[in-house]
Amino acid sequence: MKLNLWSRKNLRASDFVIIAMVTILVIFGVVMVFSASYYKSINESGSPYDYLIRQGIFALSGFVIMAVCSYLDYHLFRRLSILILLASFILLLLVLTPLGREEGGATRALYIGFTIMPGEIAKVAVIIFTASFLASDTKLILSFSKGVLPLLILMGVFGGLIIKQPNLSTAITVCGIIAGIMFLAGLQWRYVIGAAVAGSAAVVGLIAIGDDIGMRHWKKRIVAFTDPFADALGDGFQVVQSLLALGSGGLFGLGLGKSIQKNLYLPEPQNDFIIAIIGEELGLVGLLILLAVYAVLIWRCFHVCLNAPDRFGMLLAGGITIMIGLQVVLNIAVVTSSMPATGIALPFISYGGNALWIFMGCSGIILNISRQSGSSEESGKTKMH
């Protein structure tokens, strides 16, 4: 069968709202990366356009990836789920070897002529594997030994390898995605409550004995977020600069391109803290509009999840939606000092090719599930007639 990417029939079968929201976010992201990185780019290379050009290339190639994934049958990922998980596991191991590339005190990337972020790939790998695993039997999630325990081990292995980099935010995201898919599959509430209690106890324990167990770094971050101004030139520096940016923006912002904090005050403004620059330049109103776009996107993704043609499609779409929503919440929480500072990209907007490609590829998978849902509905109507 010959595929026509631009036929009217295919476009009608796609979820146009998802396409529109992703396009808006990606284009807006390119604009804001250019604005946020302007002075940093000049300082590094003498040209203000370096980050803009690279992000533009990432965005254009991302649309190609999204289009391809929207036409790939999502059941293919189920057949490859174990291989994808194994490949992701190997990449996480390799990043801890001399092949790993250290930046900002953490080794999170592999460089083999181009940069690979194993943590980003791990998110997709666990979504596909967990969805495939739980779709095999609806009663599997009700068994602790056969359903819950294997996924807890998966959390421990992948979360532990990612924390080793160290990359706490990605570890939280990966574990949160697995837990979220388990909840969608019917996880009993007693496990949810138990996990919440265990997590809270772990944080309290880390604060109490972090120095004694060689985790002083995490303890300092957890303590610092409660009052970042207490060490405004040390551990709290980045969060303080972020809060100053948000406070300076007021209701309507200083105007696009007029941020003060991006003038080499806020470290890496085009990455994890880009929302602080958005708040400074576009104000509270701009942030609320951005959050509204995310809300519409997440709503439509959950709509696809609820109307998926099979259990695997439902869990796969749900996992992708959880990943997007969780990263939006965690990024905002970090930027506003509502949780300890840790690097996490704002979906579709933060600078970087790996994260953008992952999000756009996953959006394509959502579109494929949506298309097959529409096809199923049309087939059902045809049979009824």
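Figured I'd write up the structure that's included with this text. (Residues numbered from 1 in each chain as written. Predicted model: local features only at pLDDT ≥ 70, side-chain atom pairs only at ≥ 80, totals over all residues. Heavy atoms only, no water.)

The subject of this paragraph is helix 13 (residues 311-335). Here helix 13 spans 36 Å end to end across 25 residues, near enough to the 36 Å set by a 1.5 Å rise per residue. Of all the 25 residues making up helix 13, 21 are buried; the element is thus mostly covered by neighbouring parts of the structure. Sitting at the head of helix 13, Asp 310 places a side-chain oxygen 3.4 Å from the backbone nitrogen of Phe 312. Where helix 13 terminates, the next one or two residues include Ser 337, which has phi positive at roughly 60°. (Helix = DSSP H or I, 4+ residues; strand = E, 2+ residues; numbered from the N terminus. Expected span 1.5 Å × (residues − 1). Buried < 20%, exposed > 50% of the residue type's maximum accessible area, 1.4 Å probe, protein only. Polar contact = N/O pair within 3.5 Å; in protein donor to acceptor, adjacent residues only side chain to side chain.)

Judged from the 4 bridges that link them, strand 1 (residues 100-103) and strand 2 (residues 106-111) form a sheet pairing that is antiparallel. The residue bridging Arg 101 from the neighbouring strand is Ala 109, located in strand 2. Of the strand pairs in this sheet, strand 2 and strand 3 (residues 115-116) are connected by 2 bridges, and their pairing is antiparallel. Opposite Tyr 111, over in strand 3, you have Thr 115 as the bridge partner. Remark: 3 residues form the turn of the hairpin made by strand 2 and strand 3, two consecutive strands paired antiparallel; Gly 113 in that turn has positive phi of roughly 90°. (Pairing = 2+ DSSP bridges.)

Here Gln 270 lies in the loop between helix 11 (237-249) and helix 12 (274-306). Taking C-alpha positions, Gln 270 is 9.0 Å from Lys 40, a pair spaced 230 residues apart along the chain. Residues in contact with Gln 270, not counting those within four places in the same chain, are Val 33, Ala 36, Ser 37, Lys 40, Tyr 51, Ser 350 and Tyr 351. In this structure the side chain of Gln 270 is engaged in a polar contact, spanning 3.0 Å, whose partner is the side chain of Glu 268. (Contact = heavy atoms within 4.5 Å.)

Take the nonpolar core next. Counting residues in each nonpolar core, the largest one holds 97 residues, and the members touching the most others are Leu 134, Met 182, Leu 316 and Phe 348. In this structure, Phe 348 is in contact with Val 22, Leu 25, Val 26, Gly 29, Tyr 294, Leu 297, Ile 324, Leu 356, Phe 359, Met 360 and Ser 363, ignoring residues within four places of it in sequence. (Core = buried A, V, L, I, M, F, W, Y, C linked by side-chain atoms within 4.5 Å.)

This paragraph deals with the sheet that holds strand 2. Taken together, the 3 strands give an open sheet; going across it, the order is 1-2-3, and neighbouring strands pair in antiparallel fashion. Pairing within the sheet leaves two strands with one partner each, and these edge strands are strand 1 and strand 3.

Before going further, it helps to examine the packing of aromatic side chains. Aromatic ring pairs are described here by two measures, namely the spacing of the ring centres and the angle between the planes. In this structure the tally under the stated criterion is 11 aromatic pairs. Centre to centre, the rings of Tyr 51 and Tyr 351 are 4.9 Å apart; their planes meet at 80°, and the pair counts as edge-to-face. Here the residue Tyr 51 occupies a position in helix 3 (residues 50-71), and Tyr 351 occupies one in the loop between helix 13 and helix 14 (353-384), the gap between them amounting to 300 residues. In this structure Tyr 51 comes out as buried when scored by relative accessible area, which is 7%. Judged by relative accessible area, Tyr 351 falls into the buried class, the value being 17%. Where Phe 58 meets Trp 357, the ring centres are 5.5 Å apart and the plane angle is 85°; that geometry is what we call edge-to-face. In this pair, Phe 58 is assigned in helix 3 and Trp 357 in helix 14, connecting sequence segments 299 residues apart. Here Phe 58 falls in the buried class, since its relative accessible area comes to 17%. Sitting above the plane of the Tyr 51 ring, Arg 54 keeps its charged end 4.9 Å from the centroid. (Phe/Tyr/Trp six-rings, centres within 6.5 Å; stacked < 30°, edge-to-face > 60°. Lys NZ or Arg CZ within 6 Å of the ring centre and 35° of its normal.)

Between helix 6 (residues 118-135) and helix 7 (residues 144-163), the shortest axis-to-axis distance is 12 Å and the interhelical angle comes to 175°. One way to sum up the angle between helix 6 and helix 7 is to call them roughly antiparallel. In this structure, helix 6 contributes Ala 122, Val 126, Phe 129, Thr 130, Phe 133 and Leu 134 to the contact, and helix 7 contributes Lys 146, Gly 147, Pro 150, Leu 151, Leu 154, Phe 158 and Ile 162. Looking at the contact of helix 6 with helix 7 residue by residue, the class counts come to 10 nonpolar, 2 polar and 1 charged. (Axes fitted to C-alpha atoms, helices over the stretch in contact; angles between N-to-C directions. Parallel < 35°, antiparallel > 145°, perpendicular 65-115°, else oblique. Nonpolar A, V, L, I, M, F, W, Y, C, P; charged D, E, K, R; others polar.)

Across all of its chains, the model carries 5 salt bridges by this definition. As a salt-bridge pair, Arg 300 and Asp 15 come within 2.9 Å of each other at their nearest N and O atoms. Here Asp 15 lies in the loop between helix 1 (8-13) and helix 2 (16-45) and Arg 300 lies in helix 12, a separation of 285 residues in the sequence. By relative accessible area, which is 15% here, Arg 300 ends up buried. Overall, the relative accessible area of 5% leaves Asp 15 in the buried class. We note a salt bridge from Glu 268 to Lys 40, for which the minimum N-O separation is 3.2 Å. Here Glu 268 is found in the loop between helix 11 and helix 12, whereas its partner Lys 40 is found in helix 2, with 228 residues between them in sequence. Of the residues examined, Lys 40 reaches a relative accessible area of 12% and is grouped as buried. (Salt bridge = Lys/Arg side-chain N within 4 Å of Asp/Glu carboxyl O.)

All we've got here are geometric facts, nothing functional implied.
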